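Observations on the three-dimensional arrangement
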Amino acid sequence: MHPVFSVVKKTCTPNMKHAMKVKEDHRAQRPQGSNKKLSVHPVFSVVKKTCAPNKEQAMSEANIQRLKNKTTLKEILEVATEFERTARDFYAALAPKVRKDIRWLVEELAEEEQEHYDLFTGLAARDDITEQLKAEIERPVSDNRFSDCIHTPDLGENPDDQAVLQYALMREDAAMQQYHALAQSTPPGAIHDLFLFLANEETKHKVELEKVYYEVVHSGGV
Amino acid sequence: MSIRDVISPFTAWKNLFRDPVSIADPLNRPASARYRGFHRNDQELCIGCGTCETICQNGAIDMLPVDGLAASKEDSGLRPRIDYGRCCWCALCVDVCMTGSLTMSNEYKWIESDPDNYLYTPGVDKKHWDDSELGYRRHEEKHLMPLVRVEMPELQPRQRMDSFVEMVKGYDVEQAKLEADRCVACGLCIATCPAHMSIPQYIQAVRDGDYDRGVQLLYETNPFSQVCGRVCTHKCEDSCAARYEGDPIAIRWLKRHIIDQVPQERVLELIGKPAAPTGKQIAIVGAGPAGLTAAFDLARLGHAVTVYEAQAAGGGMTRYGIPEYRLPYDALDRDIAVITAMGVDIKYNQPVGTDISMQQLENDNDAVVLTVGLHQGRSTRIPGSDHPQVRKAVELLRQITNGEKVDVPKSLVVIGGGNVAMDIARSMARLQMQQYGQINITVTALEALDNFLADPVEVKESFEEFINILDSRGPRECVFDDDGKLLGLKTWKVLSIFDENQRFAPRYDESDEQIHEGEMVAEAIGQMMDVNLLGEDLTERLEWERGRIRIDADGRTSEHWLWSGGDCVKGPDVINAVADGHRMAASIDLALHETTEDTKTTEQ
């Protein structure tokens, strides 16, 4: 049975916390590309008849504070890497629980989180992190905003492929917004560049997931 | 006779030891501008149709393969080789050339010491006259074959807008013969057709007025000719040689013409009886084109076939998805009746997965075929899409087919740009006209009009029926009043949808936001298979490939007893489903024979 999405508060998945915000504030502060500044963390309210406000921020205040308190690039990358590991483990644990015909999707999501984990681990080990970050953030990826108005499902007992993809999109979007928010609140410098880099990586991932979403949902599924 | 007369023949021998002398260019006189000289063949335009070979009165042209040139759906991979020992340079080949690739230079001098070099493949064998501007070309307005298709009589928009009567009337005998006469029998269409129907041969049958032969040819490859003759995607017409300078041959309409001419009883006589019973039992899940084609073939081979169909009637999406104004139910019923006449037993209202399990089918049958189609509609899941008045298009179409009472909204928004979107829009438009006397339907799609997945004819006819189609609109949310009543759909303008790799990468103009009035929203964005009917155990045992059951080239799954084909593994297309049905039947028959041989060997 397809999960039914209602405009209500969603239950939390582990390590996530919901927050509320007015629709118009969110829209005005929405990043366009990696350089858009946010004055506050993007949080959403569940407001009837609206689009973006029905999305929920998938990042806890505690996690954001963890990042804000770090002062070196390696420390921040360690935390970011930990987030990727958590996400990877989440999908890896989910894979055997979903029906076999959609398991490929969850396994691919776990693989992509692993790739991010490897990327951040590799970056942290480099001596020239700063130069690498500068090169990356000079090529920001545009946020297509396709997934703006895709409802965030409660995955439930038996999610279908669309629900899994929506969930993954929500996570990537929330992570993207989180890093943008942190970049906005960080003065120019290496740490600011690192947050922009992380936001860019999450945007790339989100854009890739939107392509998969279109192929699965909008093209007959075959 | 003088001494000189006797000796002179012997004096000729003195020339035996002289070198031959050829004067290369004794006259140095150019030919006239339109002189019919040596041939040229533009390789960019040539499709290897062989019409030049057919028309050559001297048999001077042979179509031969060329090294490095591969055949494709629009190119036979062959090129004309001309024997200049036979050619009389009449230029009939140039006059009939279907693409205009074959022309003539005005060069008339070619000196060779090896006469075999005059077996010449123009365009492949490079010559100095290849780039010549002068020479003979067919006059632009002179064509040996008529370019324009015989027009198909259809109901005009005002006549059809409030009715589900079939809008395409079909060719009469005279019209069909005129259209069949345009065919040059190149055969490129055969390779393109997924079922490889004998198209030039059945067009010849129309030309000859031999409809019995036509029906026999149709049934060699397609037991759904009533259906395909009306709704096939006609990929054959996309490779028709006539389309380069005119209209492609109306292959689909000619197929329909043949099957419409022959009474049902005569069709059954022509097809003949099935073979003797083999004692093998096969179950087929789903009475759509793939399943019933497999059933037809297997029954004719003597196997006992039982088809389990969840709905009250057969045809699958050809009945429950395609509206009656395109495919009348009685036409479909005629196709199905021929199949059941072969002894196929169809059990209607017997959904597998509830009334009977796949496990039972595995236990009770020698082989099982899964052809369940894509009967579940996808949802955008945008905010508000869970409202009761936001419906799936495939469910609405099924209700209309079943004759159920449908809640006809005064205003409807359809999301999607494929054939299903057009089908629901046009069906609801007819119901609106019948109930309210006016139409208020808006179709919105992410894609630009040129990229709509729907057949262009469907889109054109939708416009004619006063359906408002808005392309490049991305659905954002459903809009409600304070009482929770659906008011319509909000969309944003889509600036572009695909990136340079043709992958989904939409860009929106958020300042261009519209709300489209609708008491109902119908989602027609995609479809999926009902996997639940397989049961958990079989779902886990089967191998899958990115959401589809993994099959081999013959349609066999990873379970040795189970085959699958049609929409559920290949995507929505009737003729592909028919082709899959044939492949699966052939594979099953071979597998059953191998099993029988193995059993006999073991017993011995």
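What you are looking at is a predicted structure, and each value in this text was computed from that prediction instead of being measured.

1. Let's talk about the overall build of chain A
Within chain A, the secondary structure is distributed over seven helices and zero strands. Along chain A, helices (α) and strands (β) appear in the sequence α-α-α-α-α-α-α when read from the amino end. Within chain A, the proportion of its 222 residues that are buried is 57%. The long-range fraction of contacts in chain A, counting pairs at least 24 apart against all pairs at least 6 apart in sequence, stands at 73%. As displayed, chain A offers around 9200 Å² of accessible surface, 54% of which is attributable to carbon and sulfur atoms.

2. Regarding the sheet that holds strand 17 (residues 504-517) of chain B
All names here are of chain B. In spatial order, the strands read 15-16-17; together these three strands make up an open sheet with antiparallel pairing. Each having just a single partner strand, strand 15 (473-480) and strand 17 make up the two edges of the open sheet. The mean inter-strand angle of the sheet, taken between neighbouring strand axes irrespective of direction, is 20 degrees. Strand direction decides the pairing type here: strand 16 (residues 486-498) and strand 17, joined by nine bridges, are antiparallel.

3. Quick look at the pattern of salt bridges
With the rule as written, the count across this model stands at 47 salt bridges over all chains. Across the salt bridge formed by A:Glu210 and A:Lys206, the nearest N and O atoms sit 3.0 Å from each other. With a gap of four residues between them, A:Glu210 and A:Lys206 both fall in helix 7 (residues 190-218), about one helical turn apart. Comparing A:Glu210 with A:Lys206, the two get one shared label, buried. The shortest N-O distance in the salt bridge between B:Glu166 and B:Arg256 comes to 3.0 Å. Highlighted residues: B:Glu166 in the loop between helix 4 (157-160) and helix 5 (173-180) and B:Arg256 in helix 11 (residues 251-261), separated in sequence by 90 residues. You can call B:Glu166 buried: its relative accessible area is 13%.

4. Some points on the sheet that holds strand 2 (residues 61-65) of chain B
Residues and elements named next belong to chain B. With respect to topology, three strands assemble into an open sheet ordered 2-3-5, the strand pairing being antiparallel. Each edge of the open sheet carries a strand with a single partner, namely strand 2 and strand 5 (119-120). Of the strand pairs in this sheet, strand 3 (residues 78-83) and strand 5 are connected by two bridges, and their pairing is antiparallel. Bridged to Ile-82 within strand 5 is Tyr-120.

5. A closer look at a nonpolar patch on the surface
All names here are of chain B. Residues Met-1, Ile-3, Val-6 and Ile-7 make up a contiguous nonpolar surface patch of roughly 490 Å² in combined accessible area. In this structure, Ile-3 sits in helix 1 (residues 3-11). Looking at Ile-3, the relative accessible area reads 64%, which means it is exposed.

6. Considerations on the packing of helix 8 (residues 211-221) of chain B against helix 11 of chain B
Residue and element names in this part refer to chain B. In contact at an axis separation of 9 Å, helix 8 and helix 11 are set at 115 degrees when each is read in the N-to-C sense. By crossing handedness, the relation of helix 8 to helix 11 is classed as left-handed. Here Tyr-211, Gly-214, Val-215, Leu-218 and Tyr-219 of helix 8 come into contact with helix 11, specifically with Lys-255, His-257, Ile-258, Ile-259 and Gln-261. Within the contact of helix 8 with helix 11, the residues separate by chemical class into six nonpolar, three polar and one charged.

7. Let's talk about the environment of B:Gly418
Residue and element names in this part refer to chain B. Within the secondary structure, Gly-418 is located in the loop between strand 12 (412-415) and helix 18 (419-436). Spatially, the C-alpha atom of Gly-418 lies 35 Å from that of Val-267, the residues being 151 residues apart in sequence. With sequence-adjacent residues up to four places away left out, Gly-418 is seen in contact with Leu-453 and Ala-454.

8. Considerations on the packing of aromatic side chains
Residues and elements named next belong to chain B. Across all of its chains, the model carries 18 aromatic pairs over all chains by this definition. Ring geometry for Phe-38 versus Trp-129: centroids 4.9 Å apart, planes at 45 degrees, classification tilted. Of this pair, Phe-38 sits in the loop between helix 1 and strand 1 (39-41) while Trp-129 sits in the loop between strand 5 and helix 4, and the two are 91 residues apart along the sequence. Judged by relative accessible area, which is 7%, Phe-38 ranks as buried.

9. Describing the pairing of strand 9 (residues 367-370) of chain B
Residue and element names in this part refer to chain B. Residues of strand 9 alternate between two faces, with Ala-367 and Val-369 on one and Val-368 and Leu-370 on the opposite face, all of them buried. Relative to strand 9, strand 6 (residues 281-285) runs parallel, the two being bridged by four bridges. Looking at the pairing, Ala-283 lines up with Val-368 of strand 9.

10. A word on helix 11 of chain B
Every α-helix carries 3.6 residues per turn, so stepping three or four residues along brings you back to the same face. Among the eleven residues in helix 11 of chain B, nine count as buried, and that is most of the element. Buried within helix 11 of chain B are the following residues: B:Ile251, B:Arg252, B:Trp253, B:Leu254, B:Lys255, B:Arg256, B:His257, B:Ile258 and B:Ile259.

11. A short note on the confidence of the model for chain A
Residue and element names in this part refer to chain A. Looking at chain A, pLDDT values average 70 and 61% of them are 70 or higher. Ranking the helices and strands of chain A by mean pLDDT puts helix 4 (residues 100-124) first, with 92, and helix 1 (residues 23-29) last, with 41. Across residues 1-56, where pLDDT falls below 50, the model places 152 contacts with residues more than four positions away in sequence or in other chains.

12. Remarks on the state of the cysteines
All names here are of chain B. What the rule picks out here adds up to zero disulfides over all chains. Unpaired in this structure, Cys-87 has its nearest cysteine sulfur neighbour in Cys-88, at a distance of 5.9 Å. For Cys-87, a relative accessible area of 14% corresponds to the buried category. Free of any disulfide, Cys-97 has its nearest neighbouring cysteine sulfur in Cys-49, separated by 6.4 Å. Take Cys-97: its relative accessible area is 10%, and that puts it in the buried class.

The rules behind these values
- Residues numbered from 1 in each chain as written.
- Chains lettered and ligands numbered in written order.
- Predicted model: local features only at pLDDT ≥ 70, side-chain atom pairs only at ≥ 80, totals over all residues.
- Heavy atoms only, no water.
- Helix = DSSP H or I, 4+ residues; strand = E, 2+ residues; numbered from the N terminus.
- Buried < 20%, exposed > 50% of the residue type's maximum accessible area, 1.4 Å probe, protein only.
- Contact = heavy atoms within 4.5 Å.
- Areas by Shrake-Rupley, 256 points an atom, 1.4 Å probe, with all protein chains shown as cover.
- Pairing = 2+ DSSP bridges.
- Axes fitted to C-alpha atoms, helices over the stretch in contact; angles between N-to-C directions.
- Salt bridge = Lys/Arg side-chain N within 4 Å of Asp/Glu carboxyl O.
- Patch = residues over 30% accessible without salt bridge, like charges linked within 9 Å, V, L, I, M, F, W, Y side chains within 5 Å.
- Left-handed = near helix turned anticlockwise from the far one by under 90°.
- Nonpolar A, V, L, I, M, F, W, Y, C, P; charged D, E, K, R; others polar.
- Phe/Tyr/Trp six-rings, centres within 6.5 Å; stacked < 30°, edge-to-face > 60°.
- pLDDT = per-residue confidence, 0-100.
- Disulfide = S-S within 2.5 Å.

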